[in-house]
Amino acid sequence: MSEPHTEAHAAPRTTEGNGTYDVIVLGAGPVGQNVADRARTAGLSVAVVERELVGGECSYWACVPSKALLRPVIAIADARRVDGARQAVTGRLDTGAVFARRNRYVTDWDDSGQALWVKSIGADLFRGQGRLDGPRRVTVTRDDGARQTLVARHAVAVATGSRPVLPDIPGMAEAHPWTNRHGTDSSTVPARLVVVGGGGVGVEMATLWQGLGSQVTLLARRRLLPRMESFAGELVAQGLAEAGADVRIGVQVTALRRPDAAGPVTVTLDDGSELEADEILFATGRAPNTDDIGLETVGLTPGSWLDVDTTCLVEDADGAGGAWLYGLGDVNHRALLTHEGKYQARTAGDAIGARAAGRPLDDGDWGDHATTADQHAVAQVFFTDPEAGAVGLTAEQAAAAGHRVETVDLDFDAAQGANLYADGYTGHARLVVDVDRDVLLGVTMVGSGVSELLHSATIAVAGEVPLKRLRHAIAPFPTVSEIWVFLVAAYRRQRARGDAG
Ligand SMILES: Cc1cc2nc3c(=O)[nH]c(=O)nc-3n(C[C@H](O)[C@H](O)[C@H](O)COP(=O)(O)OP(=O)(O)OC[C@H]3O[C@@H](n4cnc5c(N)ncnc54)[C@H](O)[C@@H]3O)c2cc1C
């Protein structure tokens, strides 16, 4: 269901009545909710401003609906890879039931449950467009034009997220393109769908709609999943092709034509060819929702990503009294992922609490209130078929950062558990080892079910577990996880032989 993105707990209400709060949060997506929660836990009064739905893009048009729609697609594909189960899969997906499942998870785009959660933590919710109006001041403009001014004693936390960017192509407006919005809220399956963009959103949308019955053509300028190890994109492209999608790499859209809004769209490519589709979906990047939030009133540039320090403080914002403006989640462009934004929000919420109380940022044994994992151990999963997961650095990124690295590569079928999981399991894993420190800098895993395996890699990378200790982490037989044992053993053999990966 569309649930708040943080644990529920009761807290006394803190309405101040005069529009003054300790903390004002702009945007009630997962990140805004988490910073509000942490600030309340620190005993601060909190106002949350939301212009659309409490829960944000993530709950209604991104993570939650896309995964609700993808799960049946992957479940059927998984069943088809197991002899005995395959024979039982004789029909097609029931798209009506798939859409109904999605609708349940987004609570029919009704945010009343999440709005109640805001109330339950003792924060006040203001509906409308929030804009900075100088240091520590925020105006909220409601849909009916009414305006209210709020004042923050300690902090304003901007968690306004991001939106899709459409390239400047002739015919774009008349083509009525889909973005992640229709890509996740549509309840009709276009017969032919062109997906433009080979990043995470593009490959998930292609997997999803091909699985639901569209004939998908995926167009990408360069290799798929360009921020991952190259084998990830190659295996995902292979999986899409096996599912029947037409994957074209190295092409660009140069023009669109849709003279009749109810008719097909004609797509012209830079090689001069044309193709026709019933819908076209662009997944060609994101822009920060900072163009209309009053950044100019505090000396910042509207429309820019917010540069922040490790407590997510926007260092160059105007304002007497120093630390007050925070940029969290997508808006700071560190890692456009819900879990990373929520981690930033928890950390920043604690830092706001500490600063408000005049306490040092160092929290004793628990460490200081600084985000690090959103830079060196970012975990990401794309729910394609096969799934692609990675944490930390690729071999190329690690080498570029000056590390002396060695890579270890194995196909998953080295682990018997993988073959028992799926007959003919296709998948590949890579470790990127910092040979000087004997720790992992990055891990990439591609294969069925790796989304649930990736956290083991995140623990190893974020925990900087030495390989000589990791070899004592023995995965149960016969599981897909046994790949760890074989990877670590392969690394040891490589070192003994003196090969560089
Ligand atoms: C199709 C798709 C699938 C994705 N899948 C995943 C996934 O599986 N896992 C994952 O980790 N990430 C995923 N992401 C990324 C994830 O959606 C974002 O990283 C996440 O939503 C960021 O959270 P946020 O709170 O920063 O912003 P958002 O979720 O965008 O929330 C921002 C909120 O701020 C509000 N707002 C904006 N401006 C104002 C204003 N001026 N005043 C008041 N309110 C305002 C907006 O209405 C919105 O509710 C996906 C993204 C897409 C597009």
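Anyway, here's the lowdown on the structure attached to this text. (Residues numbered from 1 in each chain as written. Predicted model: local features only at pLDDT ≥ 70, side-chain atom pairs only at ≥ 80, totals over all residues. Heavy atoms only, no water.)

Here we come to the site of the ligand. Taken together, 34 residues lie near the ligand, and Glu50, Lys67, Gly130, Asp330 and Thr338 sit nearest. Contact distances for the ligand include 3.2 Å between an oxygen atom and a backbone N or O atom of Val31. Contact with the protein chains removes 93% of the 1,000 Å² of surface that the ligand exposes when unbound. Of all the secondary structure elements, the ones that give two or more residues to the shell around the ligand are helix 1 (30-41), strand 2 (46-50), helix 2 (56-61), helix 3 (63-79), strand 4 (129-132), helix 8 (200-212) and helix 10 (338-357). When grouped by side-chain class, the residues that make up the shell around the ligand number 13 nonpolar, 14 polar and seven charged. (Near = heavy atom within 4 Å. Polar contact = N/O pair within 3.5 Å; in protein donor to acceptor, adjacent residues only side chain to side chain. Areas by Shrake-Rupley, 256 points an atom, 1.4 Å probe, with all protein chains shown as cover. Helix = DSSP H or I, 4+ residues; strand = E, 2+ residues; numbered from the N terminus. Nonpolar A, V, L, I, M, F, W, Y, C, P; charged D, E, K, R; others polar.)

Let us now look at the side chain of Thr217. By the secondary structure assignment, Thr217 is in strand 9 (residues 215-220). Here Thr217 falls in the buried class, since its relative accessible area comes to 10%. (Buried < 20%, exposed > 50% of the residue type's maximum accessible area, 1.4 Å probe, protein only.)

Attention now moves to the nonpolar core. Residues Phe412, Leu440, Val443, Met445 and Trp484 are the most contacted members of the largest nonpolar core, which totals 34 residues. Those elements giving two or more residues to this core turn out to be strand 17 (379-382), strand 19 (405-411), strand 20 (428-434), strand 21 (439-447), helix 14 (454-462), helix 15 (467-470) and helix 16 (483-497). The greatest single-element share of this core, amounting to six residues, is contributed by helix 16. Each residue touching Val443, except ones within four places of it in the same chain, is listed here: Gly389, Ala390, Val391, Arg430, Leu431, Ala457, Val461 and Trp484. With 33 residues, the next largest nonpolar core counts Val203, Trp209, Leu212 and Val446 among its residues. (Core = buried A, V, L, I, M, F, W, Y, C linked by side-chain atoms within 4.5 Å. Contact = heavy atoms within 4.5 Å.)

Attention now moves to the sheet that holds strand 20. What the five strands build is an open sheet, ordered 17-18-21-20-19; its pairing is antiparallel. What marks the edges here is a single partner per strand, and that holds for strand 17 and strand 19. For this sheet, the mean angle separating the axes of adjacent strands, direction not counted, is 10°. Most of the contacts of helix 9 (residues 230-242) go to strand 21, to which it runs at about 10°, and overall it touches strand 18 (387-392), strand 19, strand 20 and strand 21. With respect to the sheet, helix 16 is in contact with strand 19, strand 20 and strand 21, its orientation differing from that of strand 19 by roughly 135°. (Pairing = 2+ DSSP bridges. Axes fitted to C-alpha atoms, helices over the stretch in contact; angles between N-to-C directions.)

Looking at the secondary structure, you find Arg101 in helix 4 (residues 95-105). The exposure class assigned to Arg101 is partly exposed, which follows from its relative accessible area of 24%. Distance in space between the C-alpha atoms of Arg101 and Gly424 is 30 Å, their sequence separation being 323 residues.

One can find Asp436 in the loop between strand 20 and strand 21. For Asp436 and Glu406, which are 30 residues apart along the polypeptide, the C-alpha to C-alpha distance reads 10.0 Å. A distance of 2.7 Å separates a polar atom in the side chain of Asp436 from a polar atom in the side chain of Arg404.

All chains considered together, the criterion is met by 24 salt bridges. Ionic pairing is found between Arg181 and Glu52, a salt bridge with its closest N-O pair at 2.8 Å. Residue Arg181 is located in helix 7 (residues 180-185), and its partner Glu52 is located in the loop between strand 2 and helix 2; the two are separated by 129 residues in the primary sequence. Among the residues examined, Arg181 registers a relative accessible area of 26% and is labelled partly exposed. In this structure, Asp292 engages Arg131 in a salt bridge whose closest nitrogen and oxygen atoms are separated by 2.8 Å. Separated by 161 residues along the polypeptide, Asp292 in the loop between strand 15 (286-288) and strand 16 (325-327) and Arg131 in strand 4 bring together distant segments of the chain. A residue is classified by how much of its surface remains accessible, and Asp292, at 34% relative accessible area, is partly exposed. Assessed through its relative accessible area of 25%, Arg131 is described here as partly exposed. (Salt bridge = Lys/Arg side-chain N within 4 Å of Asp/Glu carboxyl O.)

This brings us to the pairing of strand 4. Bridging between strand 4 and strand 5 (residues 137-141) involves four bridges; their strand directions are antiparallel. The residue bridging Gly130 from the neighbouring strand is Val140, located in strand 5. Hairpin connection of strand 4 to strand 5: four residues between the antiparallel strands, including Gly134 at a positive phi of 90°.

Packed helices, taken two at a time, are described by the angle between their axes plus the distance between the axes. Running from N to C, helix 3 and helix 4 cross one another at 150°; their axes reach a closest spacing of 9 Å. On the basis of the axis angle, helix 3 is roughly antiparallel to helix 4. Helix 3 and helix 4 meet at a crossing whose hand is right-handed. Counting all contacts with helix 3, which are made through Val64, Pro65, Lys67, Ala68, Leu69, Arg71 and Pro72, the residues of helix 4 involved are Val98, Phe99, Arg101, Arg102 and Tyr105. When its residues are assigned to classes, the contact of helix 3 with helix 4 shows eight nonpolar, no polar and four charged. (Parallel < 35°, antiparallel > 145°, perpendicular 65-115°, else oblique. Left-handed = near helix turned anticlockwise from the far one by under 90°.)

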